[in-house]
Amino acid sequence: MPASPLIRQVLDAMAADEDLLDELVKAARSQSPEVARLPEAENRRHVQFLLSAALRAATNPDNADYTTAEALGADRAAQGVPLADLLSGVQAGRMLAARFAVERARAVGVPDKIILETVLEAERYTGALERHVVKGYHAAELQLSRTVRDARTQLLRTLLLAGHPPTPEELRPAGLRPDGRYSCVVSDVSDPARARTLEQALLEFGGVYGLVEGRLTGLAARPPTGVGLAEDVLLVVAPPAALPELREVHRLCTAAARIAGRGYHDLSELAGEIALGAQPLLGELLTADLLGELDPGNAFHRELAATALTYLDHGQRLRPTADALHLHPNTVRYRLDRLIELTPLALAENSGGRVLDAVRSWWALRHWLGGR
């Protein structure tokens, strides 16, 4: 049954509403911890597809297409998301979307009878989409279970997440040695097709790779320095470690991936940021203690704080700081003096202060400026 023009307008507006999409993504992530472990952009792609497909079906039921739904289910199977968690996220978003549709339709005066008919029609096709997601998931699961790739991915998940330590016989088919030392590698690539491309580049360095918690992850036999990366790819690489240490190393790499930007990153270079980021409450207390006189809404205060942070990043040296900020050294000195008047930070050049005092100042400034 074709939708009325008014209800079609409501549904078209919902399909284009980015705020609504954000709410649906939050609902899906809140109801499914395994889904929430995936990068948020991947969740958004999933929810956006289901919302658009359901709304298209509600307004034009003759054009329902389930091919993409099956592909989406296959992606989740490849990413290791349990089916129950996948469906929990789908259903949470589905219920919230239906509620929003009813509220918006009533707000513009659509009769309850029309609303009910439209919701029932949408539910019919949303249910069909869900069944095709499950179908794609099971098909991919069956295929993966027959491949060496799946065996290696399951081995990775056991080594890095949970389960009894693999035996030497289980390690051997993947080319891993019980006494070997391997570099844990964590990327932000979640799309299976792109993951395969990056995996091919990493295989040059030996080791085993697969999707762990939704990201291409691996154990490299040699640190993959110089690996070719696409411009938008992030890769965190840890120093070599023994197999029993790799779960903790993987946890640190995952924490680093949340705070690092695009490109190649050595885990050891992010040690300070990871350690400080693990104590958010202490960061809040330190910021309140040292920077309580600064106003986050004051542009000049933010300029002073940003200059001081750059100064600390450049070893408390005026000339490198000025070059980095494209300022005259006297301008940098003036800003630091003004900040010292407002706060107890020890920022004077060649002050001979303790290293830990500089760490406290750097942490407070970074936290205050929003680099949490």
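Residues numbered from 1 in each chain as written. Predicted model: local features only at pLDDT ≥ 70, side-chain atom pairs only at ≥ 80, totals over all residues. Heavy atoms only, no water.

1. A word on the overall build of the protein chain
Step number 1: For the protein chain, the count of helices and strands is 17 helices and 6 strands.
Step number 2: Taking the principal axes of the C-alpha coordinates as reference, the protein chain spans close to 75 × 65 × 30 Å.
Step number 3: Sorting the 372 residues of the protein chain into buried and exposed places 45% on the buried side.
Step number 4: Relative to all contacts within the protein chain whose residues are 6 or more apart in sequence, the contacts with residues 24 or more apart total 72%.
Step number 5: About 19100 Å² of surface is accessible on the protein chain, with carbon and sulfur atoms providing 54% of the total.
Step number 6: Looking at charge distribution, the protein chain has the averaged site of its 41 positive side-chain charges lying 2 Å from that of its 48 negative ones. (Helix = DSSP H or I, 4+ residues; strand = E, 2+ residues; numbered from the N terminus. Buried < 20%, exposed > 50% of the residue type's maximum accessible area, 1.4 Å probe, protein only. Contact = heavy atoms within 4.5 Å. Areas by Shrake-Rupley, 256 points an atom, 1.4 Å probe, with all protein chains shown as cover. Lys, Arg positive; Asp, Glu negative; His and termini not counted. Charge placed at Lys NZ, Arg CZ, Asp CG, Glu CD.)

2. Focus on the pattern of salt bridges
Step number 1: Enumeration according to the criterion identifies 19 salt bridges in this entry.
Step number 2: Between D22 and R44 there is a salt bridge, and its shortest N-O distance comes to 2.4 Å. One end of the pair, D22, is in helix α2 (residues 18-31); the other, R44, is in helix α4 (residues 40-59), with 22 residues separating them in the sequence.
Step number 3: D22 gets classed as partly exposed once you look at its relative accessible area, which sits at 30%.
Step number 4: Linking D112 and R106 is a salt bridge whose minimum nitrogen-to-oxygen distance equals 3.3 Å.
Step number 5: You can call D112 partly exposed: its relative accessible area is 48%.
Step number 6: Each member of the salt-bridge network shares a partner with another, and the members are E42, R45, D75 and R76. (Salt bridge = Lys/Arg side-chain N within 4 Å of Asp/Glu carboxyl O.)

3. Section: the pairing of strand β3 (residues 215-220)
A regular strand places its side chains on the two faces of the sheet in alternate fashion.
Step number 1: Taking burial as the measure, the 6 residues of β3 include 6 buried ones, the bulk of the element.
Step number 2: Covered by surrounding structure in β3 are R215, T217 and L219 together with L216, G218 and A220, the residues of both alternating faces.
Step number 3: Note that strand β1 (residues 181-187) and β3 share 4 bridges and pair antiparallel. From the neighbouring strand, V186 faces β3, where its bridge partner is T217.
Step number 4: As judged from the 5 bridges shared by strand β2 (residues 208-212) and β3, these two strands associate in the antiparallel manner. When the bridges of β3 are listed, L211 appears paired with L216.
Step number 5: Counted along the chain from β2 to the antiparallel partner β3, the turn is 2 residues long, and its residue E213 has a positive phi close to 55 degrees. (Pairing = 2+ DSSP bridges.)

4. Concerning the confidence of the model for the protein chain
Residues shown with low pLDDT carry predicted positions that ought not to be read at fine detail.
Step number 1: Averaged over all residues, the pLDDT of the protein chain equals 84, while 93% of them reach at least 70.
Step number 2: Per-element confidence in the protein chain is highest for β1, whose mean pLDDT is 95, and lowest for α4, whose mean pLDDT is 75. (pLDDT = per-residue confidence, 0-100.)

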